[in-house]
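# Fold and contact review
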Amino acid sequence: MKAIILAAGKGERLGELTRETPKPMIPVYGKPVLEHNILLCKEHGIKNIFINLHHKPESIRTYFGDGSKWGVNITYKEEPAILGTAGAVKNFENELGGGPFFVIYGDNYSQYNLTKIAYAHRAKQAALSIVIFELTDVSKSGVAVMEKDDRIIKFVEKPVEIPPPSRWVNAGVYVMESSLLSEIPSGFSDFGKDILPQLIQKNYPLYGIRVEQPVVAIDTPELYRRSLTRAVFFDRDGVLNEAVIKDGKPHPPLSIGELRVFPGLKQRLMALKSKGFLLIGVTNQPDVARGEVSKMAVEEINDRVKRDLGLDDFKVCFHDDKDNCACRKPRPGLFQEAAQTWGLDLKASYVVGDRWRDVEAGASAGCQTIFIDYGYQEKQPDGAGTVVKTPYEAVDHILALEK
Ligand SMILES: [Mg+2]
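Residues numbered from 1 in each chain as written. Predicted model: local features only at pLDDT ≥ 70, side-chain atom pairs only at ≥ 80, totals over all residues.

### Details of the sheet that holds strand β17 (residues 277–284)
- Sheet architecture is open: six strands sit in the order β18-β17-β14-β19-β20-β21, paired in parallel fashion. Two strands close off the open sheet at either side, each with one partner strand: β18 (313–317) and β21 (386–388). Between one strand and the next, the sheet's axes are offset by a mean angle of 20°, whatever the strand orientation.
- Bridge analysis of strand β20 (residues 368–372) against β21 gives three bridges, and the strand direction is parallel. Counterpart to F371 in the pairing with β21 is V387.
- Against the sheet, helix α8 (residues 265–274) makes contact with β14 (230–234) and β17, and its axis sits at roughly 125° relative to β17, the strand it touches most.
- Relative to the sheet, helix α9 (residues 295–309) contacts β17 and β18, its axis offset from that of β18 by approximately 155°. (Pairing = 2+ DSSP bridges. Helix = DSSP H or I, 4+ residues; strand = E, 2+ residues; numbered from the N terminus. Axes fitted to C-alpha atoms, helices over the stretch in contact; angles between N-to-C directions. Contact = placed C-beta atoms within 7 Å.)

Structure representation (structure tokens):
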């Protein structure tokens, strides 16, 4: 099969973020969202890919070239005047002809099983299949009203009725028979507003293919979060919450009752967020391996800290030294795991900790390190980037560097 990936989107709603970067090039987990779509096609055996371009076309062409680096063949067409979602497909009529093809909105992030979707399209003998998922607020989406067998009898773009006629929304992935190309006029047209309602009216068999996983549009806060590539990593005890000091050494609180999150820290963390940092807790909790506290109790505390301070993620090592794991600080395993999960640039990220293990793990991971020196009676860290006295100062230090 072939696929056309729509990549002309300008992303006005994203403002600053898309001035230099076209929407499909915005990174998600460290890769342009368009690259995820190309890789998805490749994974499902789709090698001939057609891409329309409009906003900043050179940045997309330069990055992907002819697609050979990804094992696919890419053919581009530039639209001097934007043609709309359907008009763009029509513009590739000569290239797409013969058999069904995929239409994928290239500035969405989705990980759908295209093989299964193509199979469902054939099984229903549909002229056009639309991947759909269920959503509560459908006011910004196109919804499909279906009969029992999922045949679409009505398609409404951004419905205003309350309640809406359907909660099944367009995921921006279609399988389309090339015979339908003759139904799309040359020039500008949009699938949701123009073409889908018209095809339904003409009684073409359009079907919804229901999926559980929602698509994530790049111009939503959720995907913006995933587009971030820098993090500030915080050790937990002594950094996010007060450590319990016994014999000059810090210890973790053992229950929610003992937990004291640093007051007013959240406000400063939100300032970091507004600078485009993900906030990630990274903690050693060896008391679990030592049998002194349950994993459940630790997770309860972590969840509370995460919620109270608005963290994006928490990475935890439950081992002790004798387990010889890769995740216990001073080893950098947890930072590398977070980098993989979120597509982070560790060199542009910070680690804040109050013990030598935090600082040395952060340095091994290639991060910039900030040591909060409480004067504990123990080994001092080797070469912390910056030394401060409180978590508040640590955050202020990063904010000052961002100015
Ligand atoms: Mg600590």
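### Quick look at α9
- The end-to-end C-alpha separation of α9 is 21 Å, in line with the 21 Å expected for 15 residues at 1.5 Å each.
- All of the buried residues in α9 are V298, I301 and V305. Projected down its long axis, α9 shows its buried positions confined to an angular sector of 65°, all on one face. Looking at α9, the residues exposed on the side facing more than 90 degrees away from the buried face are M296 and R307.
- Packed against the buried residues of α9 are β17 and β18. (Expected span 1.5 Å × (residues − 1). Buried ≥ 20, exposed ≤ 12 C-beta atoms within 10 Å, placed from the backbone. Arc of directions from axis to C-beta.)

### Side note on the environment of A81
- Tracing the chain through its elements places A81 in the loop between β5 (73–78) and α3 (84–90).
- Separated by 27 residues in the primary sequence, A81 and H54 have C-alpha atoms spaced 7.6 Å apart.

### Notes on unusual backbone geometry
- For the bond from I162 to P163, the omega torsion is -5°, close enough to zero to count as cis.
- Residue placement: P163 occurs in the loop between β10 (152–157) and β11 (168–177).
- That bond from K329 to P330 is cis: its omega, 20°, falls within 30 degrees of zero.
- Turning to its location among the elements, P330 is positioned in the loop between β18 and α10 (333–342).
- Despite not being glycine, D247 shows a phi value in the positive range, around 55°.
- One can find D247 in the loop between β15 (244–246) and β16 (249–251).

### Here we look at the domain arrangement of the protein chain
- According to the domain assignment, the protein chain contains domain 1 (2–221) and domain 2 (228–402).
- Here the C-alpha centroids of domain 1 and domain 2 sit 41 Å apart. (Domains from an automatic or database assignment.)

### With respect to the packing of α8 against helix α12 (residues 391–402)
- Put simply, α8 and α12 touch, their axes get as near as 10 Å, and they point 20° apart. It follows that α8 is roughly parallel to α12 by the angle criterion. The handedness of the crossing between α8 and α12 comes out as left-handed. Contact residues: α8 offers L265, R268, L269, A271 and L272, while α12 offers P391, Y392, V395, I398 and L399. (Parallel < 35°, antiparallel > 145°, perpendicular 65-115°, else oblique. Left-handed = near helix turned anticlockwise from the far one by under 90°.)

### Considerations on helix α11 (residues 356–364)
- Taken together, the buried positions of α11 are occupied by D358, V359, E360, A361 and G362.
- G366 lies just past α11 and shows a positive phi near 90°.

### Things to note about the pairing of strand β12 (residues 206–210)
- Burial analysis of β12 places four of its five residues in the buried class, which makes it a mostly covered element.
- Where strand β8 (residues 128–134) and β12 come together, five bridges link them in parallel fashion. If you follow V131 over to β12, its bridge partner there is I209.

### Some words on the nonpolar core
- Core analysis: the largest hydrophobic core is formed by 68 residues, its most contacted members being A3, I4, I5, F102, I130 and I132.
- With seven residues, the top contributor of residues to this core is β11.
- Beyond its immediate sequence surroundings of up to four residues, I130 is in contact with A144, I152, N170, Y174, L206, G208 and I209.
- By size, the runner-up hydrophobic cluster in this structure holds 43 residues, among which are L278, L311, C327 and L334. (Core = buried A, V, L, I, M, F, W, Y, C linked by C-beta atoms within 7 Å.)

### Some words on the environment of G264
- For G264, the location among the structural elements is in the loop between β16 and α8.
- It is 44 Å that separates the C-alpha atoms of G264 and S166, two residues lying 98 residues apart in sequence.

### Details of the environment of V145
- For V145, the position within the fold is in strand β9 (residues 142–146).
- The sequence separation of V145 and P253 amounts to 108 residues, and the corresponding C-alpha distance is 53 Å.
- Those residues in contact with V145 that sit more than four places away from it in its chain are I152, I153, K154, P165 and S166.

### Some remarks on the pairing of β10
- The sheet contact formed by β9 and β10 spans five bridges and is antiparallel. Within β10, the position partnered with V143 by the bridge is V156.
- The turn joining β9 and β10, which pair antiparallel and follow one another in sequence, is formed by five residues; a positive phi near 75° is taken by D150.

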